[in-house]
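A closer look at the structure
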Amino acid sequence: MTRAPFETIVAAHGARVWRVCRALLDEPDADDAWSDTFLAALEAYPRLRHDTSIEGWLVTIAHRKAIDVLRRRARLVVGDVPERPAPPEGRDLDLARALSLLPTRQREAVVLHHLGGLPFAEVAAVLESSTDAVRRASSDGVRRLRALMGGDHG
């Protein structure tokens, strides 16, 4: 079985990888994570099992690369940092900022499932959690996003 040229993989899945990176990072850092994702994927692609879900594989790499960027950024911070930033006033909150206000597990579940397109079972494997816990975190995260972005009036 021959593999598709890597360029076709990038063309087919680049936008989804970008959405995952951008959901967790600001634009310049998302650019770096996107590039790092495809560099890592290019290196591993020849050894990838033929029955692997390319999309799931790339989304998982993108998530890990974005987390790496967040960890590097956290090590650069000097002084006391609040656990989570206070929500800004008004309804002009964009998705990336709203996602940054979610607890880590909710943010990861929302990004991997809703933006990354992974089924809950794959999200659970990536996060080393149960499918039920991931479903709950995703549901809670989406509900919180709606409230943050002004879509929940109740």
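Above this text you will find the structure in question.
Residues numbered from 1 in each chain as written. Predicted model: local features only at pLDDT ≥ 70, side-chain atom pairs only at ≥ 80, totals over all residues. Heavy atoms only, no water.

In this section: the overall build of the protein chain. Looking only at helices and strands, the protein chain features seven helices and zero strands. Element order for the protein chain, N to C, with α for helix and β for strand: α-α-α-α-α-α-α. Out of the 154 residues belonging to the protein chain, those deemed buried represent 39%. For the protein chain, long-range pairs separated by at least 24 residues make up 62% of all intrachain contacts whose partners lie at least 6 apart in sequence. For the protein chain, the computed accessible surface area is about 9200 Å², with 52% contributed by carbon and sulfur atoms. (Helix = DSSP H or I, 4+ residues; strand = E, 2+ residues; numbered from the N terminus. Buried < 20%, exposed > 50% of the residue type's maximum accessible area, 1.4 Å probe, protein only. Contact = heavy atoms within 4.5 Å. Areas by Shrake-Rupley, 256 points an atom, 1.4 Å probe, with all protein chains shown as cover.)

This next bit is on the side chain of Ser-138. On the secondary structure map, Ser-138 appears in helix H7 (residues 131-148). Ignoring any residue separated from it by four or fewer positions in sequence, one finds Ser-138 in contact with Ala-109, Val-110, His-113, His-114 and Phe-120.

In this section: the packing of aromatic side chains. Under the defined criterion, the tally for this structure stands at four aromatic pairs. Sitting over the ring of Tyr-45, Arg-3 keeps its end group 5.3 Å from the ring centre. (Phe/Tyr/Trp six-rings, centres within 6.5 Å; stacked < 30°, edge-to-face > 60°. Lys NZ or Arg CZ within 6 Å of the ring centre and 35° of its normal.)

Our next topic: the packing of helix H5 (residues 104-115) against helix H6 (residues 120-127). Where H5 contacts H6, the two axes come as close as 10 Å, and the packing angle between them is 135 degrees. Relative to H6, H5 is oriented oblique. The handedness of the crossing between H5 and H6 is right-handed. Here Arg-105, Glu-108, Ala-109, Leu-112 and His-113 of H5 come into contact with H6, specifically with Phe-120, Val-123, Val-126 and Leu-127. Its residues assigned to classes, the contact of H5 with H6 comprises six nonpolar, one polar and two charged. (Axes fitted to C-alpha atoms, helices over the stretch in contact; angles between N-to-C directions. Parallel < 35°, antiparallel > 145°, perpendicular 65-115°, else oblique. Left-handed = near helix turned anticlockwise from the far one by under 90°. Nonpolar A, V, L, I, M, F, W, Y, C, P; charged D, E, K, R; others polar.)

For the rest of this paragraph, the subject is the packing of helix H1 (residues 6-24) against H5. Taken N-terminus to C-terminus, the directions of H1 and H5 make an angle of 160 degrees; their axes are 10 Å apart at the nearest point. Our classification of the angle between H1 and H5 gives roughly antiparallel. Relative to H5, the crossing made by H1 is right-handed. Contact residues: Arg-16, Arg-19, Val-20, Ala-23 and Leu-24 in H1; Arg-107, Val-111 and Leu-115 in H5. Looking at the contact of H1 with H5 residue by residue, the classes come out as five nonpolar, no polar and three charged.

Turning our attention to the side chain of His-13. As for its position among the elements, His-13 is in helix H1. Residues contacting His-13, with those up to four places away along its chain left out, are Phe-38, Ile-54, Glu-55 and Leu-58.

Take the environment of Arg-73 next. One can find Arg-73 in helix H3 (residues 54-76). Residues Arg-73 and Asp-29, 44 residues apart in the sequence, show an inter-C-alpha distance of 9.8 Å. Non-local contacts of Arg-73, meaning those with residues more than four positions away in its chain, are made with Leu-25, Asp-26 and Asp-29.

All we've got here are geometric facts, nothing functional implied.
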